[in-house]
Amino acid sequence: MQFKQTVASVLLLLAAGQASAQSPSDEASTSRLRLFGQNGVGMVLYTNTTCTAEYAQKIRASGSLGSAFGSMLGKVKNESLGIAETDTSRGLKQRGMILSKAYFKEYPLVPGQPVVVEAGMGSPTGWRCDRLITSVFTPEAGKDYEVALDVDFSGGVCTLKVNQVAADGALLRLPVQPASKQCGVPAGQSGQGPEAGQQPT
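Residues numbered from 1 in each chain as written. Predicted model: local features only at pLDDT ≥ 70, side-chain atom pairs only at ≥ 80, totals over all residues. Heavy atoms only, no water.

**Remarks on the state of the cysteines**
Then step 1. Under the defined criterion, the tally for this structure stands at two disulfides.
Then step 2. The disulfide that involves Cys51 links it to Cys183, with 2.0 Å between the sulfurs. Between Cys51 and Cys183 the sulfur-sulfur dihedral comes to about -75 degrees; the bridge is accordingly left-handed. Taken together, the positions of Cys51 in the loop between β2 (41-47) and β3 (57-62) and Cys183 in the loop between β9 (171-173) and α6 (187-190) put the pair 132 residues apart, joining distant regions of the chain.
Then step 3. Using a relative accessible area of 0% as the deciding quantity, one classes Cys51 as buried. (Disulfide = S-S within 2.5 Å. Helix = DSSP H or I, 4+ residues; strand = E, 2+ residues; numbered from the N terminus. Buried < 20%, exposed > 50% of the residue type's maximum accessible area, 1.4 Å probe, protein only.)

Have a look at this one:
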């Protein structure tokens, strides 16, 4: 009887340990980012940097051969870490085009370490942003973000939108800056475009 009680106590302690490992306090010390992609759109994340030449990690969320084929065939799937749904994530069908299924991927970020998101667009019909657009921001602990490349075909403008995502899915536009290619060089001298206003040609 005593042995059974001891085993039961150990199992309860293990269960408590597992619960604490997944507690909300751990989530509050991290940050998450949602990136949107599809065939024809390039979206790259550079971690722990303010430029695109030096970085801790380079993650191609959209634009690789595999993601392009998956989007073209409609087989690509979303990869979620639990960021609240937003108007952007709910509107994936509206973002999609022929042979270009829209999707999103979510990534963990280290709070306090700046990241750069770089995006561009080129479609088989000839539409493209005239250059890559970059934005740099520093994530805060316990906060979620999303970045999407919006293309206004009628107005001829590409816009890289960087938003903070609230718990209820509301979006708060972040005041971001364009990133330079070389660290320590102002973005205006590196040939990188601003956060918005790139013209499809």
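There's more to say after this.
**A closer look at the sheet that holds β2**
Then step 1. Ordered in space as β3-β2-β5-β6, the four strands form an open sheet in which the pairing is antiparallel. Looking at the sheet topology across the chains shown, the edges are occupied by β3 and β6 (133-137). Adjacent strand axes in the sheet meet at a mean angle of 20 degrees, parallel and antiparallel pairs treated alike. (Pairing = 2+ DSSP bridges. Axes fitted to C-alpha atoms, helices over the stretch in contact; angles between N-to-C directions.)

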